[in-house]
Amino acid sequence: MTDQVLNVLKVALLALVYLFFARVLWAVWSEVRTPVVADGLRVRRERNSGITKRQRAPRGATSFVVMEPRDLRGQRFVLSSTLGIGRSEENDICVNDDTFASQNHARIEMRADAIWVVDLGSTNGTFVNGQRVTTDKSMRKSDRLQVGSTVLEMH
């Protein structure tokens, strides 16, 4: 083979290597970036009442306010005794477009001593203030709960 043919093959191989790395970076970027929630959170309606769980919080009542995704920021969910979070329509806080959340991801419980978060065996985990919840975890005011890509702040 002549030197010209070898140089062309070198350039072609180099171009293929660069294309391969570009494709790998694109795949990693699309997995890492935060997904856009199109439909948003859905609030489960109480049976036979037409009243939603999302309502104005009475004074002293514990509530959770959506911080992320940005387009849903400010939605408030009042904790009466428990709140279920996940993609399933049976949950009190339904994050059906959050692909990083499980069907039944986590549960927030009001107990005698504090407010507790229970991870229900979710695939991607539940986080309180950036730390993964492995056992029941108590929460305080202004703690942040992350379920998938949805972030709730306790008020």
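In the block above lies the structure referred to throughout.
Below you will find a few notes about this structure. (Residues numbered from 1 in each chain as written. Predicted model: local features only at pLDDT ≥ 70, side-chain atom pairs only at ≥ 80, totals over all residues. Heavy atoms only, no water.)

Further remarks concern the pairing of strand 7 (residues 115-119). Within strand 7, 4 of the 5 residues are buried, which leaves it mostly tucked inside the rest of the structure. Relative to strand 7, strand 6 (residues 106-110) is paired through 5 bridges, and the arrangement is antiparallel. Within the sheet, the bridge partner assigned to Arg107 lies in strand 7 and is Val118. Between strand 6 and strand 7, which follow one another and run antiparallel, lie 4 residues. (Buried < 20%, exposed > 50% of the residue type's maximum accessible area, 1.4 Å probe, protein only. Helix = DSSP H or I, 4+ residues; strand = E, 2+ residues; numbered from the N terminus. Pairing = 2+ DSSP bridges.)

Moving on: the nonpolar core. Core analysis: the biggest nonpolar cluster contains 21 residues, and Phe64, Ile108 and Leu145 have the highest contact counts within it. For this core, the elements supplying multiple residues, two or more each, are strand 2 (63-68), strand 4 (82-86), strand 6, strand 7, strand 11 (144-147) and strand 12 (150-154). Not counting residues up to four positions away in its chain, the partners in contact with Ile108 are Phe64, Leu79, Ser81, Thr82, Leu83, Ile85, Ile115, Trp116 and Leu145. (Core = buried A, V, L, I, M, F, W, Y, C linked by side-chain atoms within 4.5 Å. Contact = heavy atoms within 4.5 Å.)

A word on a nonpolar patch on the surface. Taken together, the side chains of Leu13, Val17, Phe20, Phe21, Val24, Val28 and Val32 present a nonpolar region at the surface, about 660 Å² in accessible area. Among the secondary structure elements, Val24 is positioned in helix 1 (residues 3-32). A relative accessible area of 35% places Val24 in the partly exposed class. (Patch = residues over 30% accessible without salt bridge, like charges linked within 9 Å, V, L, I, M, F, W, Y side chains within 5 Å. Areas by Shrake-Rupley, 256 points an atom, 1.4 Å probe, with all protein chains shown as cover. Salt bridge = Lys/Arg side-chain N within 4 Å of Asp/Glu carboxyl O.)

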